[in-house]
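Geometric and topological summary
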Amino acid sequence: MSASSFAWYLPVMIDFKQILIARFIAAVLAVTLIFNVTPTYAATFKAGRGISMDQWVTWPNESRWNDDDVLTNFPEWQQFVSDEAIQTLRSDGLSTIRMPIDPAIFLHDEDQNRRETLLKNMHRAIDRILDADLKVIVDLHTITYGPDVEIIGLSKILNDDLIFVKYKELVASIAETLSDYDAEKVALEIINEPQYDCGSSDDMKIWQAQATQLHDAARKANDTITLVVPGACYASAQGLINLDPKAFGDKNIIWTFHSYDPFILTHQSAGWVSKPVSAFKNLPYPPSQLSSPAIRTLPDDNDRYIDSTLSGDERSNAGWYIRNELEEWGSDEDLVELLEEPFEKVATWAARHDIAPDEIFLGEFGFIAQEYGKDFKIPSEWRIAYLKDMIALADKYEFGWSMWSFGGAFGMVQTFGGQTMPGDLIKELDLPKNN
């Protein structure tokens, strides 16, 4: 999911940075020459309308990664989601499941028995989805783990040359294991939300080179599967339009971006985002349902909650932040402009590069329901209103899309540990049943 972009990963010495860029570009040229991959067909896989399953919800410590209940239920959602529940997604109008797979458990060490068990159960999950007449995007869902743990997360993958090579080998291995599936039914997303700074041309060059290498590794291993490729800056629209699609020499690609604007609303109270957003609640969607005076009292309405979380300058800045954000796009007209901006950017970029609209994929969007361990629950009508607006935009531009997510903090069907989300939220979206 989205978070604020920052360029914390780059070396401070400019000479070393230039060497790193040159090394990546040289590697891309060499790999491209070796692979000589230039398919001429368009994307075989069509994303349509979808939802992401959960990566982890209980987040087992790596010390448990050989436990039977972890391995046999990989991905974790399999222990909580029945075949009937998967079939209901299809009858409710969805056509695709984006299935996150955490690469960290594959990269942890060289334990082949664990890897074989993980792959076996990954395939079992794919088969369960296909049996429900749904398509599957196998999403290598990289995230950043904290610096105090030994788990290989996104920042290590992107910034350590040896780990990047190891990850590239994993991408190729997963692609190869998917070779026996119908390419119209199963696609592969090569990485999730690369965390580079869109404001840095050097960062964009590095990601262009890395993305091309990951694509080429997967394509050499599987010459028919559709590959899903994100831009940088947490897979933002701006990150996507900074990519040069011609450098990939491949038409069998779906280009993906994520959008959670307005972030202050969609991620309010989320503990994993930065302050002050993590300290907000009761911010409605659409905000125009509040009068201007009511918007101005929101900081006061949040006092008890904010005071228990923030202090000093952070506390005073929180009030300013709410007022500034909501007054900037509090009207319906301003809100539509904010929501539509990333779609317009991507559509313009796609047209310039002769990319068909159905080869663009809004891979994540959503509205938090309830943060784990917090008592505040977002009214479902706010969430449904937001999702309907985002789906209408995706349909307007003829992009495929996938909501985040089936369960967890953003859950549409479940909350945590398999608990049922109140209501029938996907049915409330009134999706066409003929997709």
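Scoring rules and cut-offs
- Residues numbered from 1 in each chain as written.
- Predicted model: local features only at pLDDT ≥ 70, side-chain atom pairs only at ≥ 80, totals over all residues.
- Heavy atoms only, no water.
- Salt bridge = Lys/Arg side-chain N within 4 Å of Asp/Glu carboxyl O.
- Helix = DSSP H or I, 4+ residues; strand = E, 2+ residues; numbered from the N terminus.
- Buried < 20%, exposed > 50% of the residue type's maximum accessible area, 1.4 Å probe, protein only.
- Contact = heavy atoms within 4.5 Å.
- Disulfide = S-S within 2.5 Å.

Attention now goes to the pattern of salt bridges. Following the criterion strictly, the structure yields 17 salt bridges and no others. Residues arginine 128 and aspartate 83 are paired through a salt bridge, measuring 2.7 Å at the closest nitrogen-oxygen approach. With a gap of 45 residues between them, arginine 128 in helix α5 (residues 112-131) and aspartate 83 in helix α3 (residues 83-91) connect regions that are remote in the sequence. On the accessibility criterion, arginine 128 (14% relative accessible area) is buried. With a closest N to O distance of 2.9 Å, glutamate 189 and arginine 98 form a salt bridge. Taken together, the residues glutamate 189 in strand β4 (residues 186-189) and arginine 98 in strand β2 (residues 96-101) connect sequence positions 91 residues apart.

In this section: the side chain of glutamate 340. Here glutamate 340 lies in helix α15 (residues 332-352). You can call glutamate 340 buried: its relative accessible area is 10%. Aside from chain neighbours lying at most four places away, what touches glutamate 340 is Leu393, Lys396 and Tyr397.

Between two cysteines, a covalent bond joining their sulfur atoms is known as a disulfide. If you walk through the whole model with that rule in mind, you get 1 disulfide. Disulfide pairing places cysteine 198 opposite cysteine 233 at an S-S distance of 1.7 Å. Negative torsions about the S-S bond denote left-handed disulfides, and the value of about 115° found for cysteine 198 with cysteine 233 makes this one right-handed. Note that cysteine 198 is positioned in the loop between β4 and α8 (201-221) and cysteine 233 in helix α9 (residues 232-235), a separation of 35 residues in sequence. Here cysteine 233 falls in the buried class, since its relative accessible area comes to 5%.

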